[in-house]
There are 2 protein chains.
Amino acid sequence: MDCAVIPLNRHKDYLLVQTVDFFYPMVNDPELLGRIAIANVLSDVFAVGVTDFDSVEIIVSTSTSFTKKEQDVVISLIIAGFQNSLQANGYHKTPLVIRQLKINPWCIVGGIATSVCRSGEIILPSNAQPGDVLVLTKPLGGQMAMDAHLWQLNQNEKYTTLLSEFSDDDIRETFQIAVKSMTYLNKNAALLMHKYQAHCATDITGFGLLGHAQNLAQFQKQKVLFKIDQLPIIKNVHKLSLLMGQSTKLRSGRSVETSGGLLISLSPDAVDKFCRDFEEVTNGEQKSFKIGHVVASSESDAVLSDEVEFIEVSL
Amino acid sequence: MDCAVIPLNRHKDYLLVQTVDFFYPMVNDPELLGRIAIANVLSDVFAVGVTDFDSVEIIVSTSTSFTKKEQDVVISLIIAGFQNSLQANGYHKTPLVIRQLKINPWCIVGGIATSVCRSGEIILPSNAQPGDVLVLTKPLGGQMAMDAHLWQLNQNEKYTTLLSEFSDDDIRETFQIAVKSMTYLNKNAALLMHKYQAHCATDITGFGLLGHAQNLAQFQKQKVLFKIDQLPIIKNVHKLSLLMGQSTKLRSGRSVETSGGLLISLSPDAVDKFCRDFEEVTNGEQKSFKIGHVVASSESDAVLSDEVEFIEVSL
């Protein structure tokens, strides 16, 4: 699953929760990259309901194609992004270790988040029940929104294609929605998972919504099918993906996400309260979406329903 | 210092000890690379006297220049090397997480070692005393021994130069000594640090002996000077470095090491027993070396003595 949850044999009642995550830059603003990266790193731990960290270690490798000055400026800004996000989200006292990897052809950004927990802090991702409702706490399509913005900045051929259906403002607006979503920590979602006794969750990243849903289904004690009826997608991204001939993954629920939301299985009497609370606690800045439900099944799996609905999300 | 030692605010009496380490391949045998990598990763934790791990996570990235088949074979062998070493060193019950990074132009190998400890398990690296003797538990020059072996395999120009003073058997013997040393875990050294109440230690890697000694000196409660009189060097490596015009770093105590030994500050009445025990516990397969001493000083630092002696080590 998303992160290691390891009972400490030498220290009864304690568990070690740890995740490590790396990726390559997908946005040309290093400070913003840092904020997306930290949201992505911590997300695996939030997915098991843990919101206190004993150590956060960030790891950055400069690129061999950077000049010395570029290295210094870019890496400092990435690190500032990490720190700004931790600060803004109540983690100013969390011990932070900064480590620079040896130089590498490609710039790499990542980190390690560690928490030593009592078992009550952890929501093991294995208790989905038939009848549960599936909630997703961020819209899909963040990476494509980022790509479109890079094409715009580079004024390349793909940008010219985009202009046939979108204005510059459209592309910027799409990008801004993605930024707001991808920099948002899944912390409040994790806290509400406890409040509403969520049955399991996973965070959505590289395998896409369906890939992670399938992993999560495999991990359940009961054999269950996760049926997904709706795909909430960042405004313009669906149309944009059709225009660019890159809609297959998105439409099949497999678009690669960075710092995606949590997919949470909640009992039907808790789900509306969860969604309302989530919007409230984020002052209406973020939304969660009821995207499907859990049914008993002879085989654990996750599928898109045949008449899956695409929902456009503005935030 | 070498690894993070973080008191757990939420769980009194416990500390989190964690290290992360990465490097690029320096040997063409992937299983061997795995064994060197794990020795290198764990070494930072051994340097603070900790020998029990709650989690070891290994991280490997394939190279974009590998074919799919090369990826599968090479990465499996690297992972086997990690596992073989853990198995052979009493860590078969340690939870091991294997994580493959996204593909990268260069192959990257590394890992994370985590231990949740009581304070008694940790020897904080800050109590060196004037009069202490400095012990090094592995000879220097491992990377150059590896380089020479690669030149030999590639039959390149540097190899031709080597042949003017060394036989093929010499180069292979030098390589074998380096392999034996670099794959050896610093675990026994860490255990003996407790037995002989070592005052502080560090492990020798990328900054070289002198660089790490200087870092360690800066970390002491008392102002002390670490004076180094002897440099134990793997057989043939000193002569080889002179022949190749690459002796400056080695002779100044700054040769880059991978999976080097521990540099330990011991009281003068404990040091001989430590060295004898170390040789015994390794069945004579490894040696430790008294390479210098600690004196009071107005400024914390580490220096090579003017008449530093180079000692050839065969193991």
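Values in this document were obtained by computation on a predicted structure and should not be read as measured data.

Engineer: So what exactly am I meant to see when it comes to the UniProt feature "domain: PurM-like C-terminal" (unreviewed entry) in chain A here?
Structural biologist: Taking the numbering used here, the UniProt-annotated feature "domain: PurM-like C-terminal" (unreviewed entry) corresponds to residues 129-301 of chain A. Between the end C-alpha atoms of residues 129-301 of chain A the distance is 13 Å, and the span holds 46% helix and 19% strand.

Engineer: For this particular structure, what's the right way to read the sheet that holds strand 7 (residues 200-203) of chain A?
Structural biologist: Strand-to-strand pairing in sheets goes through backbone hydrogen bonds, with the strands running parallel or antiparallel. Residues and elements named next belong to chain A. Read across the sheet, 6 strands follow the order 7-9-6-10-8-11 without closing on themselves; strand pairing throughout is mixed. Of all strands in the sheet, those bounded by a partner on one side alone are strand 7 and strand 11 (301-313). Each strand axis lies, on average, 20° off the axis of its neighbour in the sheet, ignoring direction. Bridge count between strand 8 (residues 224-234) and strand 11: 9 bridges; the pairing is parallel. Bridge pairing in strand 11 links Gln230 to Glu309.

Engineer: Quick question: what am I supposed to make of the interface of chain A and chain B here?
Structural biologist: Note on interface size: it is often stated as the accessible area lost on association of the parts. Listed as interface residues are 36 residues of chain A and, on the opposing side, 36 residues of chain B. For the pair chain A and chain B, the summed buried area comes to about 3,200 Å², and 60% of that belongs to carbon and sulfur atoms. In terms of surface lost to chain B, no three residues of chain A exceed Arg10(A), Val20(A) and Phe22(A), which account for 18% of the buried area on that side. The tally of links between chain A and chain B comes to 6 salt bridges. Of the charged contacts, one joins Arg10(A) and Asp54(B) as a salt bridge, the two residues approaching to 3.1 Å between their closest N and O atoms. Element by element, the count of residues in the side of chain A that touches chain B is highest for strand 5 (residues 108-118) of chain A, at 7 residues.

Engineer: Looking at this structure, how should I read the domain arrangement of chain A?
Structural biologist: Residue and element names in this part refer to chain A. Partitioning chain A into domains gives domain 1 (4-121) and domain 2 (133-313). With 22 residues of domain 1 in contact, the opposing surface of domain 2 contributes 23 residues. In terms of surface lost to domain 2, no three residues of domain 1 exceed Met26, Phe46 and Ala47, which account for 28% of the buried area on that side. For the pair domain 1 and domain 2, the number of links is 0 salt bridges.

About the thresholds
- Residues numbered from 1 in each chain as written.
- Chains lettered and ligands numbered in written order.
- Predicted model: local features only at pLDDT ≥ 70, side-chain atom pairs only at ≥ 80, totals over all residues.
- Heavy atoms only, no water.
- UniProt positions renumbered as here; feature names shortened; annotations may be inferred.
- Helix = DSSP H or I, 4+ residues; strand = E, 2+ residues; numbered from the N terminus.
- Pairing = 2+ DSSP bridges.
- Axes fitted to C-alpha atoms, helices over the stretch in contact; angles between N-to-C directions.
- Contact = heavy atoms within 4.5 Å.
- Buried area = accessible area lost by both parts, 1.4 Å probe.
- Salt bridge = Lys/Arg side-chain N within 4 Å of Asp/Glu carboxyl O.
- Domains from an automatic or database assignment.

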